[in-house]
Amino acid sequence: MSLFAVSSSYAADALPDAGGTPATNSSIVSKKVVDQTVKPDEAQKYALGEFRLKPTIPGFLRSPYGPPSFGAPYGTTHAFGDWWGAQPWLQKHGIYFAVNIYEGISGNPVGGKRQSHTLAGQVGSTLDLQFEKLLNAGEWSRDLWLHMLVVNGNGQNLSRLMGDNGNQVQQIYGARGNVVAHLVWAYFEKSMLENRLDVSVGWIPPGTFFNNSPWVCSFMNVWLCGNVTPGKYLNGGRDWPSGNAGGVVRYMPRPDVYIMGGAFAVSPHSYNGGISGWSWAQSGISQVSTEYEVGWIPEFGRNHLIGHYKVGGMYDTSRYERLYEGYTKGTNLGAPTQNFHGRQESIWVMADQMLLRHGKGDSNGLVLAGYYNWASGKTSQINNHLVGAILDTGWYWHRPLDSWGINVQWASFSRSAIRAQEAAAAAGQALPGWNFGAPYGIQGHETIYEAFYTFHVLTGFNLQPDFQYVNHLGGSTRYKDAAVLSLAMTLAL
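Residues numbered from 1 in each chain as written. Predicted model: local features only at pLDDT ≥ 70, side-chain atom pairs only at ≥ 80, totals over all residues. Heavy atoms only, no water.

Chemist: Explain the overall build of the protein chain here, please?
Modeler: Secondary structure summary: the protein chain contains seven helices and 19 strands in total. Across the 493 residues that make up the protein chain, the buried fraction comes to 60%. Partitioning the intrachain contacts of the protein chain with sequence separation of at least 6 by distance along the chain shows that 69% fall at a separation of at least 24. About 18,600 Å² of surface is accessible on the protein chain, with carbon and sulfur atoms providing 62% of the total. (Helix = DSSP H or I, 4+ residues; strand = E, 2+ residues; numbered from the N terminus. Buried < 20%, exposed > 50% of the residue type's maximum accessible area, 1.4 Å probe, protein only. Contact = heavy atoms within 4.5 Å. Areas by Shrake-Rupley, 256 points an atom, 1.4 Å probe, with all protein chains shown as cover.)

Chemist: Please explain the state of the cysteines as it appears in this structure.
Modeler: Two cysteines joined by a covalent bond between their sulfur atoms form a disulfide. Per the stated rule, a full pass over the model turns up one disulfide. There is a disulfide in this structure between Cys217 and Cys225, and the S-S distance comes to 1.8 Å. On the S-S bond that ties Cys217 to Cys225, the torsion sits near 85 degrees, and the link is right-handed. The same class applies to Cys217 as to Cys225, namely buried. (Disulfide = S-S within 2.5 Å.)

Chemist: I'm lost on the packing of aromatic side chains in this one. Help?
Modeler: Note on aromatic pairs: each is described by the distance of the centres and the angle between the planes. Following the criterion strictly, the structure yields 19 aromatic pairs and no others. Look at Trp83 and Phe97: their rings are 6.0 Å apart centre to centre, the planes differ by 75 degrees, and that puts the pair in the edge-to-face class. A residue pair is termed long-range when its members are at least 10 positions apart, and Trp83 in the loop between β2 (53–54) and α2 (86–92) and Phe97 in strand β3 (residues 95–110) qualify at 14 residues. Since its relative accessible area comes to 18%, Trp83 is described here as buried. Pairing Phe219 with Phe452 gives two aromatic rings, centres 5.1 Å apart and planes at 85 degrees, and the pair type is edge-to-face. Highlighted residues: Phe219 in the loop between α5 (206–209) and β8 (244–254) and Phe452 in strand β17 (residues 445–458), separated in sequence by 233 residues. Residue placement shows Arg419 over the ring face of Tyr324; its charged tip is 3.9 Å from the ring centre. (Phe/Tyr/Trp six-rings, centres within 6.5 Å; stacked < 30°, edge-to-face > 60°. Lys NZ or Arg CZ within 6 Å of the ring centre and 35° of its normal.)

Chemist: I'm lost on the pattern of salt bridges in this one. Help?
Modeler: As a working rule, side chains carrying opposite charge can pair if their charged atoms are close by. Under the defined criterion, the tally for this structure stands at seven salt bridges. Ionic pairing is found between Asp198 and Arg250, a salt bridge with its closest N-O pair at 2.3 Å. Here Asp198, found in strand β7 (residues 197–204), pairs with Arg250, found in strand β8; they are 52 residues apart in sequence, far enough to count as distant. Among the ionic pairs, Asp402 bridges to Arg399, the shortest N-O distance being 2.3 Å. Overall, the relative accessible area of 35% leaves Arg399 in the partly exposed class. Each of Glu132, Glu139 and Arg142 takes part in one network of salt bridges that share partners. (Salt bridge = Lys/Arg side-chain N within 4 Å of Asp/Glu carboxyl O.)

Chemist: For this particular structure, what's the right way to read unusual backbone geometry?
Modeler: Generally, phi is negative for residues other than glycine and the peptide bonds are trans, each holding for most cases. Note the cis peptide between Thr229 and Pro230, where omega equals 5 degrees. In this structure, Pro230 sits in the loop between α5 and β8. The phi torsion at Trp83 lies on the positive side, around 60 degrees, for a residue other than glycine.

Laid out in structure tokens, this is it:
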């Protein structure tokens, strides 16, 4: 479960692409869009806060973050430039196409079930069609888009090799299936009312819109990257690269406040849309998950120190077997006679605040960030997840397109899951696992410390060394704490 590029570093604002359009993110609601009248020689004024912003809900090409597939600071820039004139021609006709290659090597020289190393990566491509330019049509086609993303993944899972079935230390791994082209999303988007109302309908990863922030995929660990844990491990809140049929409505009643809600068909299968993502008519889809989120996006001081504060929740109408009651029913393990079923529910609070500005853009500066996500422990193996992070750029040493970050994340396993595991251990049975995999020991909590530095090498090309220390591997004390070293490469062609 991950975003398309590991390079979504929380550094400088997204750069213009070959066609001169700002890079984008249809998944993040923001009120800030740079007025394009700002000229390059006004950069200093911009850094000092003497610039103009206009309120809007971003469509595909209106967000300062960069699209979900190509994060800041790289945006839709290409290592091969304008493709010998092809990119400007395509974009002039409403066709936006990009290819990204990611490869990362990770190893645990210390701790875990065993010492090992693996290579994991993917090739992905986005296709975005702007119908107003493509068809030269009337008013109905204005701000109407079709977005598609397909990926091809490869590699082995280091976390599983070192004894952690519930966490992923590699950003690009899992859920893609052994197929040539796994569909991540395919949906229409329409912006209205001067871009204050935005509607998206189609095959959508709920976590790309909800329970997400632009800084989370600066880090490599998948409990953080994508949208946050445990919400994305619930059937109704699954994140990239798994999608659900559904829709999202976003509305901005005032320039610094947004409200959005969504409804999605819930898949009872391990792979939404089948292993390839293209099988939308799966059996058993009869229930609906609803998600909602409210956000405040203030600015402070003359330097426009921007913050993002959001709270949201998810409710799935499906009925799920409670972990402890479901595991022990019909056995002699002391099962109670109470209700065996419950709902999947989740609540999240997310915040980030720029403390110092180093240049233009929402993310160019020292940023303090964090979140808390809760899920009902009756139906989720993990019920609490807390994260704190600090991020900045290489501005201090004259490398403004580099970025670095440090975070600590802590997760607790639910009492219902622990009781079931204790009952299994007392009976001499294998320990049960659910939405976070089978454990190697009775689970309690897991803590992960992570630090990264992203080197912007060339346009469209970056390298990111990353260090993680995993305490209570897999949530238990069965294996010694693990230290993980990684090096990732991202190339946007």
